[in-house]
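# Report on the structure
As a plain string of letters, each chain reads:
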Amino acid sequence: MKIRSLRFKINVAIFITCLVIAIIFGTILYPFEIRRHDSHVKKIELLLDTIFQQKYEDIANEIFAGQKRALALTLKDMLKVEGIAAISIYMPDGKLFLSTDTVLSKYFEKQSRNLSANSASFVTQSYQGKSLGIYSREIMVIGQKIGDIDIYYDFQELIKETRLSVTIFFTLLLTTLILMSALLNFMLSRFVIRPVSLLRKAINKIQDGYLGETVALPFEDEIGKMGLAFNEMSVKLNEGQVALKKAEENYRSIFENATVGIYRSTPDAKGQLLTVNPAFAQIMGYASPDEVVKNITDIKSQCYVNASDRDRLQQLLRDQGAVQGFEAQLYRKNGEIIDVSMSARVIRNESNQILYYEGILENITEKKQASQFRIEKEAAEAAAQTKSEFLANMSHEIRTPLNAILGYTELVLDGIYGDVPENIQEVLQRVAKNGHHLLGLINDVLDLSKIEAGQLVLSLNDYSMQEVVQTVFTAVESLAAEKNLELKVSVSSELDSGKGDEQRIVQVLLNLVGNAIKFTEAGEVRLEVKDSNGTFLVSVSDTGPGLSEVDKQRIFEEFHQADSSRTRKKGGTGLGLSIAKRIVEMHGGRIWVESDLGKGSTFWFTIPVRVDRQTEQK
Amino acid sequence: MKESRFTLFFLFIFFIVAPVHGEAPIDIAAIYALTGAAAEANAYALRGVGYAVDEINRQGGILGRRINLLVFDNQSTPIGSTVAAKQAAAANVVAIVGPDWSSHSIAVARVAQEVGIPMISSLSTNPAVTRIGNYIFRVCFTDDFQGKVLARFARQDLDATTAVIFVDVTSDYSLKLSEIFQRNFEKWGGRVLLELEYKLKQQQFDEEIKRAVKANADVIFIPGHDESGMIAKQTQDAGTSSIFLGGDGWSTPVFLRKGGSELKRGFYSTHWSGYLDTDRSREFVKKYNIHPKGADDNIALGYDAMMLLAEAITRSNPTDRKKIRDAIATTRSFKGITGTIDFNDNGDPIKSAVFMEIRNGEPRYLKTLEP
Amino acid sequence: MRKSILVIEDQDDNRRILRDLLTSAGYEVIEAVTGEDGVTAAETYRPDLILMDIQLPGLDGYEATRQIKANRALRQIPIIVVTSYALSGDDVKAFEAGCNSYVSKPFSPRELLAKIREYLQ
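Residues numbered from 1 in each chain as written. Chains lettered and ligands numbered in written order. Predicted model: local features only at pLDDT ≥ 70, side-chain atom pairs only at ≥ 80, totals over all residues. Heavy atoms only, no water.

## Here we look at the overall build of chain C
Secondary structure summary: chain C contains 5 helices and 5 strands in total. From first element to last, N terminus to C terminus, chain C shows the α and β order β-α-β-α-β-α-β-α-β-α. Within the span of chain C, comprising 121 residues, buried residues form 51% of the whole. Considering only intrachain contacts with a sequence separation of at least 6, the fraction spanning at least 24 residues in chain C is 60%. For chain C, the computed accessible surface area is about 5,500 Å², with 45% contributed by carbon and sulfur atoms. (Helix = DSSP H or I, 4+ residues; strand = E, 2+ residues; numbered from the N terminus. Buried < 20%, exposed > 50% of the residue type's maximum accessible area, 1.4 Å probe, protein only. Contact = heavy atoms within 4.5 Å. Areas by Shrake-Rupley, 256 points an atom, 1.4 Å probe, with all protein chains shown as cover.)

Shown next, in the form of structure tokens:
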């Protein structure tokens with residue numbers, strides 16, 4: 001039986017102690033009690049003896065003189081003594097002479113008494129369940145026995161006394177036991193059990209996870225101090241736990257959320273993964289760290305594309321204890337090969353044996369690719385840059401002599417250098433015209449190159465569409481006049497202030513209107529500009545030959561010219577519309593054509609009224 | 001032991017004081033209580049005996065031989081009496097005078113009878129005394145007579161119909177007297193309400209007295225010795241209106257001393273009184289300076305006992321006990337102070353009873369009742 | 001008094017064209033070949049107008065323009081920048097440098113003269 005309760009133990013202890021005390025006391029007191037009893041008995045004997053002696057003369061005389069009545073009175077008097085149950089006087093022949101209780105006397109009459117003169121016998125007999133002491137004496141007168149006296153003493157009183165004293169003793173003991181027990185129990189309960197119970201509850205709570213649980217113990221005794229210590233400990237535990245949690249969270253966070261793979265593997269030849277973080281699993285193409293640990297039982301053969309890499313790694317680790325930036329190729333779960341970079345170190349135990357490897361794993365496949373791309377990109381950019389510079393230089397280089405040609409020609413034609421004969425003038429004019437054409441070609445080519453290279457940058461500034469239209473009108477009106485074409489311009493009166501590359505927009509319009517004039521033999525060219533919803537809507541329509549379906553599709557392509565047979569005559573590089581398209585689209589607008597063969601053409605384009613950023617060309 | 005020393009002392013005294021005679025003295029024992037309860041009262045009897053001895057010896061003794069009185073102390077107990085008797089026997093006395101009290105006399109008588117020493121009791125009235133044997137005599141009346149006359153007196157003179165009797169159960173005298181009184185009292189129509197037993201040695205009698213008072217009898221009969229005085233006084237103090245009645249045990253100054261002198265009213269019977277108007281009485285009273293009021297009439301009895309013995313010895317033989325006994329038995333009309341004595345077959349004389357009245361503590365002669 | 005125009009242009013042909021044009025238009029022409037020379041010439045001769053080519057060796061046209069315009073004494077001299085409009089942002093740059101106007105190559109002599117006349121009236 002397990003004795004669990006403290007109370008029980010202490011109560012048992014108290015009980016045993018009391019029992020032991022009782023036994024000890026009993027053992028000590030027993031001889032005392034016996035002595036007391038004996039001394040009491042002796043006292044009784046003495047008492048009886050004294051009474052006898054006291055009454056001896058009377059008794060003797062009364063027996064001697066045969067004075068029964070007097071003797072009766074004497075005996076009656078003796079009976080007054082507490083405890084004397086009866087007195088009997090016997091004749092020397094043993095016959096009863098007188099007794100205060102004849103029945104009792106008869107009962108004891110038969111007994112023989114071995115008495116010597118002058119001595120008493122005091123024996124204990126039981127009679128009717130009572131214990132009697134019989135004091136027997138011879139009554140001698142003048143050397144002769146005249147009778148015997150038996151004084152019967154009821155020991156009941158004595159027994160009662162003994163019993164009483166024993167009862168008192170045990171009652172006292174019992175009371176002490178009970179009181180002590182009660183007191184101790186009370187004290188135990190109050191000072192120990194309850195506080196301890198409180199403490200236990202608090203401890204249970206802590207076990208359940210409520211760290212930081214404190215207990216308020218009512219006293220400042222040892223248990224109270226224990227409670228305080230407990231509280232401190234609990235708080236510290238809690239703090240520790242909190243800190244630990246925090247740290248763990250921190251580290252867990254790092255571990256779980258690291259973008260690099262973190263792992264721990266066994267240092268044996270094959271290698272097994274002990275722990276990995278989610279990033280590792282993800283890198284290696286597994287659904288979870290658990291899956292990784294379960295599935296990868298042989299790192300060397302399962303993961304490494306080149307098994308020798310692992311050997312190399314192990315060797316390095318053994319030699320140096322740590323490696324950094326170890327690159328290798330690994331197989332992901334699905335067999336995909338990735339490039340990784342690993343940093344690892346060995347973890348040893350107290351005996352300096354390698355327990356496991358710990359390290360990080362980075363997927364550098366993309367990086368590698370990225371660097372590849374970067375190299376290519378840089379190369380491309382360098383190429384583009386070179387191209388730009390080339391273009392810039394080229395355009396400058398090409399245009400310079402051309403400008404000179406045109407310049408000189410102009411000057412000559414203007415008569416700066418003197419008069420110029422008419423035939424020379426005409427030829428020079430052709431020269432100038434060709435020169436201008438060449439310049440236009442070069443510009444177009446350069447523009448297109450720029451556009452191709454993504455180098456064309458719009459100069460976005462405020463402009464007035466009206467001014468643009470005016471500029472274009474001014475530029476082409478003579479051309480239109482030469483071919484007797486009507487040039488109509490319809491511009492809505494309230495045009496918002498635009499923002500964009502004015503020059504380029506002019507260029508676009510010039511191109512469209514120029515084309516319209518160029519390819520229209522008769523009729524008119526109409527230019528309309530509207531603006532609505534923040535968009536400029538511009539249309540250039542002519543009464544020219546119109547475009548075929550095929551041409552309509554391909555008219556904005558580079559080098560495409562509508563009906564090349566006819567247009568060859570007109571000249572032009574075929575770049576203009578494609579450039580115009582680019583420019584319009586860079587403004588975030590749209591350009592299209594509506595035309596039917598034989599019914600003329602209308603070229604439309606829209607551009608946002610305000611363009612803050614050029615739309616990047618694809 | 002005290003008694004032997006005492007005896008020795010007396011012996012010594014008598015040896016020195018007594019005039020030296022050619023003839024050997026006659027050893028006569030006087031067995032009385034020198035110690036114990038009876039001592040005080042017995043002194044008077046012994047004095048009387050002494051007076052007689054002196055007188056006889058002054059007149060030349062008996063047959064020219066001095067009486068050597070050997071006094072033995074019976075210690076006031078029957079056993080003491082037996083011892084004293086044995087001592088007397090051992091002392092080879094020719095005769096014994098005394099004791100006074102019946103219990104003592106019975107004890108002594110047994111020894112005297114057995115040994116064969118004639119004994120004359122001075123005061124013992126219990127009939128049983130002389131019936132022990134032919135060697136035992138007395139000079140006073142018996143309780144057979146006393147009890148009867150007391151009962152008659154109570155009925156006739158006191159008109160008592162109810163009585164309460166105090167009995168000293170340690171005294172053969174008291175036992176017998178109360179028995180005879182009761183018998184006669186009841187015979188004559190009286191009723192004894194209570195018999196209260198007591199022991200002489202008792203220190204206090206409250207219980208008995210309370211009952212006596214409560215009984216409220218016409219008469220309270222106290223046939224005790226001198227302790228009766230105490231009992232009567234206390235009973236009187238307890239507020240009884242009963243008349244006190246007693247026997248010859250009252251007839252001693254000790255009785256008066258113990259309380260009898262405070263009795264307002266009481267009656268008792270006795271053997272002799274100083275008031276008696278006879279020549280011999282008057283002479284004796286005068287000679288020995290006896291105060292009638294003193295009630296020390298036992299002196300007379302002691303005197304008579306001794307005188308009678310001397311007379312008997314004179315007629316017989318100073319050394320032969322048997323002869324002395326015979327002489328005593330054949331005493332004819334001995335003229336004693338207390339009356340004329342003739343012994344009957346038992347050894348008892350026929351004598352009158354003197355009735356005394358106590359009034360306010362003083363005993364007065366009332367009357368004499370003839371047998 | 002004949003107005004003077006400082007022409008800062010490193011190309012011989014272009015310079016000659018300008019010289020011939022301006023001279024025939026009745027202006028006095030001062031020539032500088034480099035930016036530095038141009039700035040020095042401006043200081044020295046205090047022309048009435050400066051024609052500045054952008055593409056100059058050493059100090060380019062923008063910087064020369066800046067320097068001239070920074071000079072309190074020369075600030076009022078109008079500068080017309082001549083740009084071949086090859087690279088974008090040239091015009092903006094020119095204005096930022098402080099030029100008063102610009103002309104792009106190839107220019108029309110008439111246009112140029114007209115512009116000049118605007119500033120020299």
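## A word on the overall build of chain B
Broken down by element type, chain B carries 13 helices and 14 strands. For chain B, the residues scored as buried account for 62% of the 371 residues in total. Sequence-distant contacts in chain B: of pairs separated by 6 or more residues, those separated by 24 or more amount to 68%. As displayed, chain B offers around 14,000 Å² of accessible surface, 50% of which is attributable to carbon and sulfur atoms.

## A look at the interface of chain B and chain A
Chain B puts 21 residues into the contact, and the matching count from chain A is 14 residues. Of the roughly 1,500 Å² buried between chain B and chain A, counting both surfaces, carbon and sulfur atoms make up 54%. The interface formed by chain B and chain A holds 5 salt bridges in total. Applying the counting criterion to the chain B and chain A interface returns 10 residue pairs in polar contact (both at pLDDT 80 or more). (Buried area = accessible area lost by both parts, 1.4 Å probe. Salt bridge = Lys/Arg side-chain N within 4 Å of Asp/Glu carboxyl O. Polar contact = N/O pair within 3.5 Å; in protein donor to acceptor, adjacent residues only side chain to side chain.)

## Looking at the layout of surface pockets
In this structure, the second largest pocket occupies an estimated 630 Å³ of space. Taken together, 20 residues line the second largest pocket, and the ones lying closest to its centre are Leu73, Asp77 and Lys80 of chain A together with Gln202 and Glu208 of chain B. If you list the elements that add at least two residues to the lining of the second largest pocket, you get helix 1 (6–64) and helix 2 (68–79) of chain A together with strand 7 (191–198) and helix 8 (206–215) of chain B. In terms of residues, the lining of the second largest pocket owes the most to one element, helix 8 of chain B, which gives 4 residues. (1 Å grid on protein atoms, 1.4 Å probe; cavity = no way out; pocket = protein on both sides within 12 Å on 5 of 7 lines; lining within 4 Å. Points joined across faces, edges and corners; volume = space filled by probe spheres on them.)

## Section: the packing of aromatic side chains
All chains considered together, the criterion is met by 26 aromatic pairs over all chains. Taken together, the ring pairs in this structure connect Tyr51, Trp272, Phe284, Tyr288 and Tyr303 of chain B into an aromatic cluster. The residue whose ring lies beneath Lys68 of chain A is Phe97 of chain A, and the NZ or CZ to ring-centre distance is 5.1 Å. The ring of Trp592 of chain A has Arg590 of chain A lying over it, and the distance from NZ or CZ to the ring centre is 4.2 Å. (Phe/Tyr/Trp six-rings, centres within 6.5 Å; stacked < 30°, edge-to-face > 60°. Lys NZ or Arg CZ within 6 Å of the ring centre and 35° of its normal.)

## Here's the deal with the interface of chain C and chain A
Listed by partner, the interface residues are 22 residues for chain C and 21 residues for chain A. Counting across the chain C and chain A interface gives 1 salt bridge. One salt bridge connects Glu410 of chain A with Arg110 of chain C, and the closest N-O pair in it is separated by 3.9 Å. For the side of chain C that touches chain A, the secondary structure elements donating two or more residues are helix 1 (12–24), helix 4 (90–97) and helix 5 (109–119) of chain C. At 8 residues, helix 1 of chain C tops the list of elements feeding residues into the side of chain C that touches chain A.

## Quick word on the confidence of the model for chain C
With 96% of its residues at a pLDDT of at least 70, chain C reaches an overall mean of 86. If you check the scores for this complex, the pTM reads 0.51 and the ipTM reads 0.81. (pLDDT = per-residue confidence, 0-100.)

## Focus on the nonpolar core
Ile28, Phe166, Ile222, Phe284, Met306, Leu309 and Ile328 of chain B are the most contacted members of the largest nonpolar core, which totals 75 residues. The biggest single contributor to this core is helix 12 (residues 298–315) of chain B, with 12 residues. Other than its neighbours up to four places away in sequence, Phe284 of chain B contacts Trp272, Asn289, Ile290, Ile299, Ala300, Tyr303 and Ile337 of chain B. Ranked by size, the runner-up nonpolar core spans 45 residues in total, among them Leu458, Ile505, Val593 and Ile607 of chain A. (Core = buried A, V, L, I, M, F, W, Y, C linked by side-chain atoms within 4.5 Å.)

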